[in-house]
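Here's the letter readout for the chains.
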Amino acid sequence: MKLYYSPGACSLGIHIVLEEIGKPYELSAVALKDGAQHKPDYVAVNPKSKVPALDRGDGRVLTEFPVIAWWLAKSNPEAALVPTEFEAETRCLEMLDYVCGTIHPQGFTRQFRPANFAPNEADFPKVVEQGKALATKYFETLDRNWAGGTYALASGYSVADAALFFVEYWATRRSGMTLPPHLAKHLDAMLSRPAVQRALQQEGLPA
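Keep in mind it's a predicted model, so treat the numbers as computed, not measured.

Trainee: Before we move on, could you go through the pattern of salt bridges and cite the residues and values that matter?
Mentor: This model, assessed by the stated rule, comprises 9 salt bridges. For Glu87, the salt bridge goes to Arg91, with nearest N and O atoms at 2.9 Å. One end of the pair, Glu87, and the other, Arg91, are both in helix 4 (residues 86-112), 4 residues apart, so they sit about a helical turn from each other. By relative accessible area, Glu87 is classed as partly exposed at 40%. One network of salt bridges, in which partners are shared, links Lys48, Lys50 and Glu64.

Spelled out as structure tokens, the structure:
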């Protein structure tokens, strides 16, 4: 398998999942800041011009974080990265969708790419402020409704935790935000996992 990623991007979560599974894979960095995602070589891999993308090892490529995470988990059941009980499986998908479809774009893309939301540069600080406010709101929603223990789901560790980790990491390492109690404990638990430590080291990121 080959993971197309950018250091510290949301692809970090998929990198963690690959490390948890423990099967051989390659990394291929895509320099988002240099616009590499729009260049012909990468567009040929992923016409959506974003990361992550996963070559499954047979030349076929998967895109979209929730789909890649789900495929990896279902293809490697021995790693126990997705619940087997139907309700828990549903909640896992719910968390993946909330992180990738709401928290990421509304809470953090606003902070990191304000030009996507406002054509006037003078408005960028307001967009960033709004992103932080939204991220705070989303985190507090998760904290109030926390159904898990150490990890996000009552059923235990799953790909949902790898997804939640990357936005928690952004919040604390890039945005200077303070997480509510359950999420702060979750972040600490994730940082203690060897797979997370390896992924961070391989991407040159601080723990």
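Having seen the model, we can carry on.
Trainee: Let's hear about the nonpolar core: which residues, and what values?
Mentor: As a rule of thumb, nonpolar side chains are buried together in soluble globular proteins. Ranked by internal contacts, the top residues of the largest apolar core, which has 59 residues, are Val99, Phe108, Phe139, Val159, Phe165 and Val167. Where this core is concerned, the elements lending two or more residues are strand 1 (2-5), helix 1 (11-21), helix 3 (65-75), helix 4, helix 5 (124-144), helix 6 (159-173), helix 7 (181-191) and helix 8 (194-202). Sort the elements by how many residues they give to this core and helix 6 lands first, with 11 residues. Setting aside residues up to four positions removed in sequence, Phe165 forms contacts with Leu12, Ile16, His186, Leu187, Met190, Leu191, Val196 and Leu200. In terms of nonpolar packing, the next biggest core, distinct from the first, is built from 8 residues, Val30, Tyr42, Val51 and Ala53 among them.

Trainee: Describe the state of the cysteines, listing the residues and the values that go with them.
Mentor: All told, the structure shown has 0 disulfides when counted by the stated rule. In this structure Cys92 is a free cysteine whose sulfur lies 11 Å from that of Cys100, the closest cysteine sulfur available. Cys10 supplies the cysteine sulfur nearest to Cys100, a cysteine that is in no disulfide, at a spacing of 6.8 Å. By relative accessible area, Cys100 is classed as buried at 17%.

Trainee: Go over the packing of helix 5 against helix 7, please, and point to the residues and values.
Mentor: The description of two helices packed together rests on the angle between their axes and the distance between the axes. Put simply, helix 5 and helix 7 touch, their axes get as near as 7 Å, and they point 90 degrees apart. On the basis of their axis angle, the class for helix 5 and helix 7 is roughly perpendicular. Residues Phe139, Leu142 and Asp143 of helix 5 lie in contact with helix 7, whose contacting residues are Pro181, His182 and Leu183. Here the contact of helix 5 with helix 7 is built from residues that sort into 4 nonpolar, 1 polar and 1 charged.

Trainee: Can you tell me about the sheet that holds strand 2 (residues 26-29), naming the residues and giving the values?
Mentor: If you walk across this open sheet you meet the 4 strands as 2-1-3-4, and the pairing is mixed. Each edge of the open sheet carries a strand with a single partner, namely strand 2 and strand 4 (61-63). Strand-to-strand twist of the sheet, defined as the mean angle between neighbouring strand axes without regard to direction, takes the value 20 degrees. In the sheet, strand 3 (residues 53-55) pairs with strand 4 via 3 bridges, with the strands oriented antiparallel. Within strand 4, the residue paired with Leu54 across the bridge is Leu62. Packed on one face of the sheet, helix 1 meets strand 1, strand 2 and strand 3 and runs near 155 degrees to strand 1.

Trainee: So what about the packing of aromatic side chains? Which residues, and what values?
Mentor: For any pair of aromatic rings, geometry is given as the distance between the ring centres together with the angle between the planes. Under the counting rule described, the total for this entry stands at 10 aromatic pairs. Relative to Phe112, the ring of Phe108 lies with its centre 5.9 Å away and its plane at 40 degrees, an arrangement referred to as tilted. One end of the pair, Phe108, and the other, Phe112, are both in helix 4, 4 residues apart, so they sit about a helical turn from each other. For Phe112, a relative accessible area of 27% translates into the label partly exposed. Ring centres of Phe166 and Trp170 lie 4.9 Å apart, and the angle between their planes is 65 degrees; on these two criteria the pair is classed as edge-to-face. Within this pair, Phe166 and its partner Trp170 are both found in helix 6, separated by 4 residues, close to a single helical turn. Connected via pairs of aromatic rings, a cluster forms that spans Phe65, Phe108, Phe112, Phe139, Phe166 and Trp170. Over the ring of Phe112 we find Arg174; its NZ or CZ atom is 3.7 Å from the centre of that ring. The ring of Tyr157 has Arg193 lying over it, and the distance from NZ or CZ to the ring centre is 3.6 Å.

Trainee: Tell me what's going on with the environment of Ile14, and back it up with residues and numbers.
Mentor: With respect to the helices and strands, Ile14 occurs in helix 1. Residue Ile14 is classed as buried on the basis of its relative accessible area of 0%. Not counting the four nearest positions on each side in its chain, Ile14 is found in contact with Leu3, Pro52, Phe65, Ile68, Ala69 and Leu72.

Conventions adopted
- Residues numbered from 1 in each chain as written.
- Predicted model: local features only at pLDDT ≥ 70, side-chain atom pairs only at ≥ 80, totals over all residues.
- Heavy atoms only, no water.
- Salt bridge = Lys/Arg side-chain N within 4 Å of Asp/Glu carboxyl O.
- Helix = DSSP H or I, 4+ residues; strand = E, 2+ residues; numbered from the N terminus.
- Buried < 20%, exposed > 50% of the residue type's maximum accessible area, 1.4 Å probe, protein only.
- Core = buried A, V, L, I, M, F, W, Y, C linked by side-chain atoms within 4.5 Å.
- Contact = heavy atoms within 4.5 Å.
- Disulfide = S-S within 2.5 Å.
- Axes fitted to C-alpha atoms, helices over the stretch in contact; angles between N-to-C directions.
- Parallel < 35°, antiparallel > 145°, perpendicular 65-115°, else oblique.
- Nonpolar A, V, L, I, M, F, W, Y, C, P; charged D, E, K, R; others polar.
- Pairing = 2+ DSSP bridges.
- Phe/Tyr/Trp six-rings, centres within 6.5 Å; stacked < 30°, edge-to-face > 60°.
- Lys NZ or Arg CZ within 6 Å of the ring centre and 35° of its normal.

What is shown is where atoms sit, not what they do.
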